[in-house]
Amino acid sequence: MDDIRYWIGFNLTPRIGPVRLEALIEYFGDVETAWRADAASLRAANLPQDALDRLIHTREHIDLDAELSKVNTLGLKVINWDSPSYPAMLKNIAYPPPVLYVRGELTSDDAHSMAIVGTRHASAYGKEAARRLSRGLAENGLTIVSGLALGIDEVAHEAALEANGRTIAVCGCGLDIVYPERHRDLAERIARSGALISDYPLGVKPEPANFPPRNRIISGISMGTVVVEADIKSGALITINFALEQGRETFAVPGNIYNRTSTGTNALIQRGEAKLVTCAQDVIEELRFDAPLDLGAENGNSRGGMALVPETPTEQLLWDHISAEPIHIDDLMRETLLSPAEVSGTLSVMEIKGLVKRVDYARFVRSN
């Protein structure tokens, strides 16, 4: 896309996140006009002074053509909210990242993704559980999503690759950096059989503060999240919390009650925040995932010649408020009195089923 350089520019600008960028694009009509706007116009668009100062500084000091050249030299792609390959599930979370850097390929098959996360200090039991889950899910057509970290993450990626399945690694740094360094070969293989993605610009190092936002993308891109071994303070539990906020399915593998790395997973099950699973079939049955869904039905809102209809009360409630006229997700929340997690999570499922279509960043219409 000709305008992708301006998306990169805003991605490089501190203090301008999804909400402010959406507001600027809505005010100016397109991202290039927003990028080139003068200070008076930006103030008229209600951009706060600190963000305006950062934008002006970035425009004066960043060569967007050079930044785009770096991306191309590394063989990366940059996609935004409007890109056909932007993950449908991720679009439906609150404030999805405007830009994703991609190494490899994202495909429509990745709409059926399952995150598998857990401790970096995995036991033999945890590694075997992660391996069997990942392999079983990959063999049933689900893309395995994880964070390229040591421990459970690396086992999940490896098992998906061994099953000739697809896997996505979400990184907490720029894609010109592989972290941890010892996973360089694994990263290469993931890029050939899936993708590495990041919303961080090139050159961003793997700082600790980067990983909770990374975890939010892991859960946001997935239909559900399975946590395998995690202590009570594990970052994997942050991923589960994001999944719960996003209205996604949450699962946990029970662990040894005397093992510290099982305290978090067992607590999730005990509190009812995650469903107990012991094998891939448990997850598949919970998702009612019998066969790949027809994401590209050419004959409107149908599958196999049968009309698609809402299957749950929440789907029906949203369906009743969606028509051929685009409606914003905020209006759906206001009109249905549903929570943000219920609306975003249910819309994700309805979009995958082919019941609704997204017409832009946050507005939906019926598919038929």
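Quick note: structure is the one above.
Residues numbered from 1 in each chain as written. Predicted model: local features only at pLDDT ≥ 70, side-chain atom pairs only at ≥ 80, totals over all residues. Heavy atoms only, no water.

Right, let's talk about the packing of aromatic side chains for a bit. Taken as a whole and judged by the stated rule, the model has four aromatic pairs. Relative to Phe-211, the ring of Tyr-179 lies with its centre 6.1 Å away and its plane at 50°, an arrangement referred to as tilted. Of this pair, Tyr-179 sits in the loop between β5 (167-170) and α10 (184-192) while Phe-211 is found in helix α11 (residues 211-220), placing the two residues 32 residues apart along the sequence. Residue classification places Phe-211 among the buried positions, given a relative accessible area of 14%. Taking the ring centre of Trp-319 as reference, the NZ or CZ of Arg-366 above it sits at 3.8 Å. (Phe/Tyr/Trp six-rings, centres within 6.5 Å; stacked < 30°, edge-to-face > 60°. Helix = DSSP H or I, 4+ residues; strand = E, 2+ residues; numbered from the N terminus. Buried < 20%, exposed > 50% of the residue type's maximum accessible area, 1.4 Å probe, protein only. Lys NZ or Arg CZ within 6 Å of the ring centre and 35° of its normal.)

What follows concerns the nonpolar core. Generally speaking, a soluble globular protein has its nonpolar side chains buried in company with each other. Ranked by internal contacts, the top residues of the largest apolar core, which has 66 residues, are Phe-10, Leu-24, Leu-196 and Ile-197. Here the element with the most residues in this core is helix α1 (residues 4-11); it accounts for five residues. Contacts of Leu-24, omitting those with residues within four sequence positions, involve Phe-10, Ile-16, Gly-29, Ala-34, Leu-42, Ala-45 and Leu-47. Judged by nonpolar contacts, the second largest core, of 26 residues, contains Ile-116, Ala-122, Ile-152 and Ala-280. (Core = buried A, V, L, I, M, F, W, Y, C linked by side-chain atoms within 4.5 Å. Contact = heavy atoms within 4.5 Å.)

Glycine aside, residues mostly have negative phi, and peptide bonds are mostly found in the trans state. The peptide bond linking Tyr-179 to Pro-180 adopts the cis configuration, its omega dihedral lying at -5°. On the secondary structure map, Pro-180 appears in the loop between β5 and α10. Look at Arg-15: it is not a glycine, yet its phi comes out positive at around 75°. By the element assignment, Arg-15 lies in the loop between α1 and α2 (18-28). Overall, the relative accessible area of 44% leaves Arg-15 in the partly exposed class. Positive phi values are uncommon outside glycine, yet Asn-46 reaches one of about 70°.

Turning our eyes to something else, we now look at the sheet that holds strand β12 (residues 327-328). One open sheet holds the three strands; their spatial order is β12-β14-β13, and the pairing between them is antiparallel. Strand pairing shows two members of the sheet lacking a second neighbour, β12 and β13 (356-358), which therefore form its edges. (Pairing = 2+ DSSP bridges.)

Close contact between helix α15 (residues 313-321) and helix α16 (residues 329-336) brings their axes to 10 Å; oriented N to C, the two are set at 115°. Classified by the angle between their axes, α15 and α16 sit roughly perpendicular to one another. Crossing of α15 against α16: the hand is right-handed. For the pair formed by α15 and α16, the contact residues are Leu-317, Leu-318 and His-321 on the first element and Leu-332, Glu-335 and Thr-336 on the second. Residue composition of the contact of α15 with α16, by class: three nonpolar, two polar and one charged. (Axes fitted to C-alpha atoms, helices over the stretch in contact; angles between N-to-C directions. Parallel < 35°, antiparallel > 145°, perpendicular 65-115°, else oblique. Left-handed = near helix turned anticlockwise from the far one by under 90°. Nonpolar A, V, L, I, M, F, W, Y, C, P; charged D, E, K, R; others polar.)

The next point concerns helix α12 (residues 235-245). Restricting attention to buried positions, one finds in α12 the residues Ala-236, Leu-237, Thr-239, Ile-240, Phe-242 and Ala-243. Turning to α12, the residues buried within the fold contact β3 (113-118), α11, β7 (224-228), β8 (249-253) and α13 (263-270). The backbone nitrogen of Ala-236 lies 3.0 Å from a side-chain oxygen of the residue at the head of α12, namely Ser-234. With its phi angle positive at about 75°, Gly-247 sits one or two positions after the end of α12. (Polar contact = N/O pair within 3.5 Å; in protein donor to acceptor, adjacent residues only side chain to side chain.)

On to the sheet that holds β3. The strand order across the open sheet formed by nine strands is β1-β2-β6-β5-β4-β3-β7-β8-β9, and the pairing between neighbours is mixed. Each of the sheet's edge strands pairs with one partner strand only, and the pair in question is β1 (77-80) and β9 (275-276). Where β3 and strand β4 (residues 143-146) come together, three bridges link them in parallel fashion. Paired with Met-114 across the bridge in β4 is Ile-144. Of the strands in this sheet, β2 (99-104), β5 and β6 (194-198) are in contact with α10, which crosses β6 at around 115°. Its contacts with the sheet put α11 on β3, β4, β5, β6 and β7, and the angle it makes with β5 is roughly 155°.

Here we take up the environment of Asp-231. With respect to the element layout, Asp-231 can be found in the loop between β7 and α12. By relative accessible area, Asp-231 is classed as buried at 18%. Look past the residues within four positions of Asp-231 in its chain and what remains in contact with it is Leu-237, Arg-260, Thr-261, Thr-263 and Gly-264. A polar contact of 2.8 Å, which involves the side chain of Asp-231, links it to the backbone nitrogen of Lys-233.

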